Amino acid sequence: MKVVTTIKEISNIITSLKSSQKTIGLTPTMGALHEGHISLITKASSENDFSIVTIFINPTQFDKKEDLDNYPSTLDADIKLVENTGCDLIFTPNASEMYANNIDVESFSFDGLENEMEGKHRANHFDGVGTIVKKFFEITQPTKAYFGEKDFQQLQIIKKMTVKNQLPIEIIGCPIFREKDGLAMSSRNTRLSKKQRESAPFIFKTLTKASQLFQSDSIATINSWIQTEFDSNPDLDLEYFEIANEQTLQTASSKSESTKYRAFIAVYAGKIRLIDNISLQ
Ligand code: AMP
């Protein structure tokens, strides 16, 4: 497995792969890898001739400098973890390699997907995501690219970007990997205090209960039940809970038989922001 840091090096490799018509699987990450990431990378390696992981903490998708500054970086451990996945190449450029001297962010329209949930709470987040993913797509020219349902809105946005720009890339959504107690795996989990870590499984517990209530109760009833649950939890602050149409991501206030719904949640444990979601089908 190769580790490369420059666009020039990786471009030479891509040119040679393309000339021999190899399929390329891409898994973009920000590092501090865990089993969730590894599941994506393993799938990419098994479904393609050549598997690439990018490790890059993208400054333009952070709305808070503090969050960017505190984002965990564990490159040596990441490389060791990736070694057992069948991955062929890690591309881990620095910020000046990706953005040269100007941190330019493209402005995207994802047909409104970007204005819902995370878009309301994290200014310019999806322009930052779109900018960096587009750059990685241009550099690596993947046949398939792998994204987790953990960031379901991001997954839908990347699918939209691919369709709107007619990119010849298949976007593969992968299921959420969880700790044994249900907490969705996240690089941010390593920053939780012992007490916060003990409280955090409450997020998935309430999501699971909400999905059971969805079978019999109205959306308004579920929304107010969730609010009450979090009001009585001193360790976790609810930022938002929404039941939304899985395709449009628009907030649902009533149910229709023919629509797929998903519940989305964002919670603060102290300064650490955690997100999760669950299918309601
Ligand atoms: P990140 O490094 O957090 O930007 O994540 C890189 C990719 O891994 C994204 O497509 C995420 O959705 C995915 N991912 C992160 N956590 C998980 C998880 N617990 N289960 C599945 N995929 C995940």
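Residues numbered from 1 in each chain as written. Predicted model: local features only at pLDDT ≥ 70, side-chain atom pairs only at ≥ 80, totals over all residues. Heavy atoms only, no water.

Let us now look at the pairing of strand β6 (residues 170-174). Relative to β6, strand β5 (residues 144-148) runs parallel, the two sharing 5 bridges. Looking at β6, one finds that alanine 145 is bridged to isoleucine 171. In this region the chain leaves β5, passes through helix α8 (residues 152-164) and returns to the parallel neighbour β6; the handedness of that crossover is right-handed. (Pairing = 2+ DSSP bridges. Helix = DSSP H or I, 4+ residues; strand = E, 2+ residues; numbered from the N terminus. Right-handed = clockwise from strand over helix to strand, strands pointing away.)

Here helix α10 (residues 202-213) crosses helix α11 (residues 219-231) at 155°, and the two axes come no closer than 10 Å. Relative to α11, the element α10 is oriented roughly antiparallel. Crossing of α10 against α11: the hand is right-handed. Here Phe202, Ile203, Thr206, Lys209, Ala210 and Leu213 of α10 come into contact with α11, specifically with Ile222, Trp225, Ile226, Glu229 and Phe230. (Axes fitted to C-alpha atoms, helices over the stretch in contact; angles between N-to-C directions. Parallel < 35°, antiparallel > 145°, perpendicular 65-115°, else oblique. Left-handed = near helix turned anticlockwise from the far one by under 90°. Contact = heavy atoms within 4.5 Å.)

The next point concerns the domain arrangement of the protein chain. For the protein chain, the assigned domains read domain 1 (2-174) and domain 2 (187-279). Centre-to-centre, using C-alpha coordinates, domain 1 lies 26 Å away from domain 2. Of the roughly 2,000 Å² buried where domain 1 meets domain 2, counting both sides, 48% is carbon and sulfur surface. Among the residues of domain 1 in contact with domain 2, Met117, His121 and Phe152 are the three that bury the most area, contributing 30% of the side total. For the pair domain 1 and domain 2, the interface holds 6 salt bridges. One salt bridge in this structure joins arginine 273 and glutamate 118, with 2.8 Å as the shortest N-O distance. Counting every contact that joins domain 1 to domain 2 gives 12 residue pairs in polar contact (both at pLDDT 80 or more). Broken down by secondary-structure element, the contributors of at least two residues to the side of domain 1 that touches domain 2 are α3 (65-69), α6 (117-121) and α8. In terms of residue class, the side of domain 1 that touches domain 2 is made up of 7 nonpolar, 7 polar and 10 charged. (Domains from an automatic or database assignment. Buried area = accessible area lost by both parts, 1.4 Å probe. Salt bridge = Lys/Arg side-chain N within 4 Å of Asp/Glu carboxyl O. Polar contact = N/O pair within 3.5 Å; in protein donor to acceptor, adjacent residues only side chain to side chain. Nonpolar A, V, L, I, M, F, W, Y, C, P; charged D, E, K, R; others polar.)

The immediate surroundings of the ligand are formed by 17 residues, with Met30, Gly148, Asp151, Phe177 and Met185 found nearest. Phenylalanine 177 places a polar main-chain atom, nitrogen or oxygen, 2.8 Å from a nitrogen atom of the ligand. Between a nitrogen atom of the ligand and a main-chain N or O atom of methionine 185, the distance comes to 2.8 Å. Within the residue set of the shell around the ligand, elements represented by two or more residues are β2 (24-29), α2 (35-47) and β5. The element contributing the most residues to the shell around the ligand is α2, with 3 residues. (Near = heavy atom within 4 Å.)

This structure, assessed with the given rule, holds 9 aromatic pairs. Between the NZ or CZ atom of arginine 178 and the centre of the ring of phenylalanine 204, over which it lies, the distance is 3.7 Å. When the ring centre of phenylalanine 214 is taken as reference, the NZ or CZ atom of lysine 255 above it lies at 4.5 Å. (Phe/Tyr/Trp six-rings, centres within 6.5 Å; stacked < 30°, edge-to-face > 60°. Lys NZ or Arg CZ within 6 Å of the ring centre and 35° of its normal.)

In this section: the pattern of salt bridges. This model, assessed by the stated rule, comprises 20 salt bridges. Lysine 65 is the salt-bridge partner of aspartate 69, the closest N and O atoms lying 2.8 Å from each other. Highlighted residues: aspartate 69 and lysine 65, both in helix α3, separated by 4 residues, approximately one helical turn. Here arginine 262 makes a salt bridge to glutamate 246, at a shortest N to O gap of 3.1 Å. Residue arginine 262 is found in strand β8 (residues 261-269), and its partner glutamate 246 is found in the loop between β7 (237-245) and β8; the two are separated by 16 residues along the sequence. Residue arginine 262 is classed as buried on the basis of its relative accessible area, which comes to 7%. Connected through salt bridges with shared partners, the residues Lys43, Glu47 and Lys144 form a single ionic network. (Buried < 20%, exposed > 50% of the residue type's maximum accessible area, 1.4 Å probe, protein only.)

The next thing to look at is the environment of serine 96. Tracing the chain through its elements places serine 96 in helix α5 (residues 95-99). Judged by relative accessible area, which is 45%, serine 96 ranks as partly exposed. Considering only alpha carbons, one finds serine 96 and histidine 125, 29 residues apart in sequence, at a separation of 19 Å.

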